[in-house]
Structure formats: structure tokens, C-alpha cells
Amino acid sequence: MQPIIITSDKTSWSLRPLLHLARKYWPDMPRPIIGGYSRPEFELGAADFVSLGRFADYPVGKWSDGLINFLSLIDDPIVLLMMDDYWLNAPVNHEAIDYLARYVEWHPYIARLDVTGDRLGASNWSRFDDAGGLTLIKSDPHSLYHFSYQAALWRKSLLLECLRAGETPWQSEMNGDQRLRDLGYTVLGTTQPPMRYTIAVQQGKLALDGGYQTAAYAVPQDDAAYIVAQDWIPRELMPEWVY
């Protein structure tokens, strides 16, 4: 299983908080590969970076082209796909994620296995299996975000089947819903999500308080204070309470 993180020249600043929190809350995280454009000027520590080309060649309407290119460079058949603003806010159950990655590998009809509470919070899921001390649930293909870019284990080949060039991230996600339904592959989640994070940037604003995810998903106060003190956040995104 290979963790992969998507970034861009505009958002790569968020990698420093992401990697800092990963070291704290997921010390056993396999070395991630970050796919972006210009290499960040700061040290990435225990992470690898691959350039997908010139950022100018990938406007928002070609976001999916960048992802397709990135996936073509990954050898592992199972990937844990994350965005660069998914900041961990609680310890990760590494053993569960490791088991679930193997579960996806064992079952070739599974396209995606959600490691967050995304599918648990969706409508009309059904109990699928009890395995590895976890209760697995099956996503209703007609539920919203059956295809989603929330953190999940993907069979890389099936994810590529769902992707098309020339789409924004929002088009890719919404159109991917229909394509995944048409292909008929299975999407699973679990009633015991092994990963929890704050979507740190929401609608162009920093959401250390959890934003629309609610306060239960807020960045812990000590982590937020540390991140702010490191001056990692662009000034235009800095929350007002800092001043």
C-alpha cells in the first residue's frame, strides 16, 4: 500500500502542517509520495516528491490530467489517496489501515475503501463483512459521493478506469460517481474509521475549528498554536484571532 498526496504550487504550503501532524499521529505511516509541480523549497523529511510537469500546463480544468499522470508513476496496485489539506487530528489506527489495504488487494472487485467516516455518514449503507476486528459496510451506489476524494484506499487500476482527462476536481468527483456506478465496482467503508482529519482549507478559508465538519474535527489547540507559530500559513489565510 502506497500513501500518495496531491498538491499544487498554490497549496503546497499545507504540506508542512500535514507532514508535521502525520509524524505525530501516524508515526508508522509508510513513506508517502507527493505529486505536485514545482518542488517545494522546504524540506519534506520522510516523504518523496515527484513533479508532474509545469503547473501552468495544468489549469483547474485539467486537474484530472495531473492525477492520471501521477497515478501512472505509482507502482503499487493499492494507494491511499489524500489531498494536501487533510491534517490529521487524532491517532491513526495503523494496523487497521494495513489490514484494510490487504483486504482490498484480496478482493479485485473493490474499487475504494473509505478510511474516514464518509461512507458511514452516507445514506442506505449495508453491512458487508466482519474482518480484521472491523465491521465493513457497503456504500449504496446511488448515495452521494459514492466516488469521493476523501481519504481512501483505492485499487489504482480501477480508479484510473473512473477518471477522464479535462476535468476539475469537482467535475471529476461528481462525474466519477456515475462512472463508478456504471462500472459496478464495490465501495466499502467501516463503522470504525481508522483515520480522522481536518479539511484545513474550506471554500478558500482556513478551518482550524473544523468548519463545516463541526468542532469535533477541529485541529487540536496545541497543534493549531504550533502550526501558527511556525509561520507556515499564508498570511491571507491566517485566522483573525492570530492578530
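Just above, that's the structure.
Please read all numbers here as calculations on a predicted model, not as lab measurements.

So, how was this worked out
Residues numbered from 1 in each chain as written. Predicted model: local features only at pLDDT ≥ 70, side-chain atom pairs only at ≥ 80, totals over all residues. Heavy atoms only, no water. Buried < 20%, exposed > 50% of the residue type's maximum accessible area, 1.4 Å probe, protein only. Helix = DSSP H or I, 4+ residues; strand = E, 2+ residues; numbered from the N terminus. Pairing = 2+ DSSP bridges. Axes fitted to C-alpha atoms, helices over the stretch in contact; angles between N-to-C directions. Contact = heavy atoms within 4.5 Å. 1 Å grid on protein atoms, 1.4 Å probe; cavity = no way out; pocket = protein on both sides within 12 Å on 5 of 7 lines; lining within 4 Å. Points joined across faces, edges and corners; volume = space filled by probe spheres on them. Nonpolar A, V, L, I, M, F, W, Y, C, P; charged D, E, K, R; others polar. Phe/Tyr/Trp six-rings, centres within 6.5 Å; stacked < 30°, edge-to-face > 60°. Lys NZ or Arg CZ within 6 Å of the ring centre and 35° of its normal.

(A) Representation of the pairing of strand β8 (residues 134-138) within the structure. Counting buried positions along β8 yields 4 of 5 residues, so the element is predominantly enclosed. Connecting strand β7 (residues 126-131) to the antiparallel partner β8 that follows it, the hairpin turn spans 2 residues, and Gly 132 within it adopts a positive phi of roughly 60 degrees. Where β8 meets strand β10 (residues 186-190), 3 bridges bridge the pair, whose relative direction is antiparallel. Each bridged residue has a counterpart across the sheet, and for Ile 137 the counterpart in β10 is Gly 189.

(B) Inspection of the sheet that holds β10 at higher detail. Spatially, 9 strands are ordered β3-β2-β1-β4-β9-β6-β10-β8-β7 in an open sheet, and the strand pairing comes out mixed. Every interior strand has two partners, whereas the edge strands, β3 (48-51) and β7, have only one. Within this sheet the neighbouring strands show an average axis-to-axis angle of 30 degrees, counted without direction. Two strands pair when backbone bridges link them, and strand β4 (residues 78-83) and strand β9 (residues 152-155) are joined in this way by 4 bridges, in the antiparallel orientation. Considered in β9, the bridge of Ile 78 is made with Arg 155. This element, helix α2 (residues 63-72), spans β1 (2-6), β2 (33-36), β3 and β4 of the sheet and lies at about 155 degrees to β1.

(C) Geometry of the layout of surface pockets. Approximately 1,600 Å³ is the volume attributed to the largest pocket. For the lining of the largest pocket, the secondary-structure elements that each account for two or more residues are α2, α5 (169-183), β11 (197-199) and β12 (201-202). Counting residues per element, the lining of the largest pocket draws most heavily on α5, at 4 residues. Its residues assigned to classes, the lining of the largest pocket shows 27 nonpolar, 13 polar and 7 charged.

(D) Examining the packing of aromatic side chains more closely. Counted under the stated rule, the structure contains 10 aromatic pairs. Judged by centre distance (4.3 Å) and plane angle (15 degrees), the rings of Tyr 86 and Tyr 197 are stacked. Placement of the pair is Tyr 86 in strand β5 (residues 86-88) and Tyr 197 in strand β11, with a sequence separation of 111 residues. Each member of the pair Tyr 86 and Tyr 197 is classed as buried. An aromatic cluster is built from Trp 63, Phe 147, Tyr 149 and Trp 154, whose rings are joined through pairwise contacts. One Lys or Arg, Arg 16, reaches over the ring of Phe 42 and ends 4.5 Å from the middle of that ring. For the cation-ring pair, Lys 62 lies above Tyr 58, with the distance from its terminal atom to the ring centre recorded as 5.9 Å.

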